[in-house]
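# Summary of the model geometry
Below, each chain spelled out in residue letters.
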Amino acid sequence: MKRCRITALFLALLLTLTACGGGTVPDGSGSASSADVSQTEVPPPRSLPFTLAFYPEYSLHPVLAGNRANLTLAPLLYESLFTVDASFQAQPLLCGSYAVSEDKLVWTLSLRSGVTFSDGTPLTGQAAADALNLARSGRSRYQERLADVTAITVPEESPNQLVITLRRPNGSLPLLLDIPIALGEGERPAGTGPYVLAEDGQSLVARAGWWQADKALPVQSILLHTVSKSDELLYAFDGGEVSLVDVDRMATNATGYGGNYQTWDYPTTDFLYLGFNTQKGVFRSADARRAAWLAVDRDTVATTIYANHAISTLLPVHPASGLYQPGEAPLTYDPEGLAAQVEGLRLTGSQLVFLVNSENVAKTSAAQLIAYQLEAAGFSVELKQLPFEEFAAALAWGEFDLYLGETALTAGFDLAPLLGSAGALNYGGWWAEGVDGLLAAMLSAAPEERAAHAGAFFALFNEQAPIVPILFKNGSVLTQWGQLSGLSPVRGNVFYGFENWIIS
């Protein structure tokens, strides 16, 4: 493959990229509830009922379903033991209280009393345990998240409790338990949430007997617009027949919505980073890796290439998290400093193989920008843009010096899979004395102690520079112009704080 040379003209064009879509100007705040509002004049909103998309041919099960539109509905029908807010803090919901063993391996959760499913079945420890054991199974999208769980049981003497046993100590297990609880494995299971699917499948109706009846819902009935394929959803939203969609604007083959709409971005744990081969080649040296940090213009990647649907980061934890501690003098973008470092380390002319997945335009554009900066400083870069399967194979075989990676971290920011010595995502083979102990201490610490343990790990991280953090992607809720206000979406629940919405 030919060596990638980026001309000044290409770079100028790259820096003028904007997001595709209609009628929005992103504000770049990365806030959990920031509305990206166009400054152009728009027509007054049409008076339409609040309507959501529904794929009746697909499952509504919140753990087993895979359809994004149907999963968007899940928080209206189902609730979880805990919720995770925009600052990545766990808030109790169906769990009333909990206790944890000193070694952080055994958690005993007590459920709220008086909670029932929509069919009248009481919420018990066994019902919750069954739901979570289903979430651990190979059929579930939560299987990997719960991989450290070895058992979920119900004490005979306490049927309103469940006991979760772990193989690794985790002091912040509640951050993993924002998993919707459903009764059984059917395609339309009962839930404990505020709404229930009407018998005709044409609407969601506020249910009697909801345990949070003191919360005033903004509407008693939500119409459902039936769709069977993505084009139908696109046309329905563009035509105003659907009020809201939840999207990843920077996903591979992301759908381009049109019309006049508002955008409400929310933080996610989808992490973009630059990885190094630390076992061979130039980047065996921590000094060379630290120099390469200076080539990454993370702010331009987040604001221009990712069109403000991301927030730049100096660490592999989200800046909204209380764990975020970049230090007093973090390494930031510095082309002149990079050139000086390359010369000082005698790296001028060094050959670099740089891998990126070719299937995502934003990733390839970010890789091209980084490659340009590395070449301008004196490296010789071969940028290999590969389909995902070839990209993954090259990573597995270590056939790279650099790669642009993306992974979805947990809300607790467990970094062992990415940076631990045996981590499945540690493709570069990085290891430093004490790293596994520091990562384990960070994970096992109680919430009030995690920041101190994170600081100890990040001191080593900044010294060794095993990867270059770039950004965390945002999710986006698109709503018809002027129809909705008061949104505060979070990862996995666009209806977070639904009682505060105003529906015109």
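## Notes on the overall build of the protein
Per the secondary structure count, the protein includes 12 helices and 23 strands. For a compact globule of 504 residues, the expected C-alpha radius of gyration is about 23 Å, and the protein comes in at 24 Å, within 12% of that figure. Taken over the C-alpha atoms alone, the protein extends approximately 70 × 60 × 40 Å along its principal axes. Carbon and sulfur atoms provide 51% of the accessible area of the protein, an area that totals close to 21,100 Å².

## Overview of unusual backbone geometry
Notably, Lys-104 is not glycine yet its phi reads approximately 65°, a positive angle. By the element assignment, Lys-104 lies in the loop between strand E6 (95–100) and strand E7 (106–111). The exposure class assigned to Lys-104 is buried, which follows from its relative accessible area of 19%. With a phi close to 50°, Ala-465 is a non-glycine residue in the positive phi region. Within the secondary structure, Ala-465 is located in the loop between helix H12 (450–464) and strand E21 (467–480).

## Observations concerning the packing of aromatic side chains
Applying the stated criterion across every chain, the model contains 24 aromatic pairs. Ring geometry for Tyr-55 versus Tyr-58: centroids 5.8 Å apart, planes at 80°, classification edge-to-face. With a centroid separation of 6.4 Å and 45° between ring planes, the pair formed by Phe-283 and Phe-379 is classed as tilted. Placement of the pair is Phe-283 in the loop between strand E16 (261–276) and helix H5 (286–293) and Phe-379 in the loop between helix H8 (361–376) and strand E19 (380–386), with a sequence separation of 96 residues. The pair Phe-283 / Phe-379 is uniform in exposure class, with both members buried. Every member of this aromatic cluster is reached through a ring pair, and the members are Phe-88, Phe-271, Tyr-273, Phe-400, Tyr-403, Phe-413, Tyr-427 and Phe-472.

## Regarding the sheet that holds strand E14 (residues 221–226)
For sheets, the rule is that strands pair by backbone hydrogen bonds, running either parallel or antiparallel. Within the open sheet, the 4 strands sit side by side as E2-E14-E13-E12. Their pairing is mixed. Across the chains shown, the open sheet's two edge strands, defined by having one partner strand only, are strand E2 (51–54) and strand E12 (195–197). Taking the axes of each pair of neighbouring strands and ignoring which way they run, one obtains an average angle of 30° across the sheet. Pairing of strand E13 (residues 203–206) with E14, which is carried by 3 bridges, proceeds in the antiparallel orientation. Looking at the pairing, Val-205 lines up with Ser-221 of E14.

## A word on empty space enclosed by the protein
Under the criterion given, the structure shown has 2 cavities of 30 Å³ or more. Of the voids in this model, the largest cavity is the one considered here, and its volume is about 60 Å³. Along its surface, the largest cavity is lined by 13 residues, and Tyr-403, Asn-426, Gly-428, Pro-466 and Ile-467 are the ones closest to its centre. Going through the elements one at a time, E16 and helix H10 (416–419) are the ones with two or more residues in the lining of the largest cavity.

## So, the pairing of E2
Side chains Thr-51 and Ala-53 of E2 all project onto a buried face; the interleaved residues Leu-52 and Phe-54 project onto the opposite face, where all are buried too. Pairing analysis gives 4 bridges linking E2 to E14, with the strands arranged parallel. Note that in E14 the partner of Leu-52 across the bridge is Leu-224.

## Focus on H8
An ideal rise of 1.5 Å per residue puts 22 Å on 16 residues; H8 measures up with 23 Å between its terminal C-alpha atoms. Among the 16 residues in H8, 13 count as buried, and that is most of the element. Taking the backbone nitrogen of Ala-362 as reference, a side-chain oxygen 3.1 Å away marks Asn-360 as the first, capping residue of H8. Phi turns positive, to about 120°, at Gly-378, one or two residues after H8.

Rules of the game
Residues numbered from 1 in each chain as written. Predicted model: local features only at pLDDT ≥ 70, side-chain atom pairs only at ≥ 80, totals over all residues. Heavy atoms only, no water. Helix = DSSP H or I, 4+ residues; strand = E, 2+ residues; numbered from the N terminus. Rg over C-alpha atoms; globule rule 2.2 N^0.38 Å. Areas by Shrake-Rupley, 256 points an atom, 1.4 Å probe, with all protein chains shown as cover. Buried < 20%, exposed > 50% of the residue type's maximum accessible area, 1.4 Å probe, protein only. Phe/Tyr/Trp six-rings, centres within 6.5 Å; stacked < 30°, edge-to-face > 60°. Pairing = 2+ DSSP bridges. Axes fitted to C-alpha atoms, helices over the stretch in contact; angles between N-to-C directions. 1 Å grid on protein atoms, 1.4 Å probe; cavity = no way out; pocket = protein on both sides within 12 Å on 5 of 7 lines; lining within 4 Å. Points joined across faces, edges and corners; volume = space filled by probe spheres on them. Expected span 1.5 Å × (residues − 1). Polar contact = N/O pair within 3.5 Å; in protein donor to acceptor, adjacent residues only side chain to side chain.

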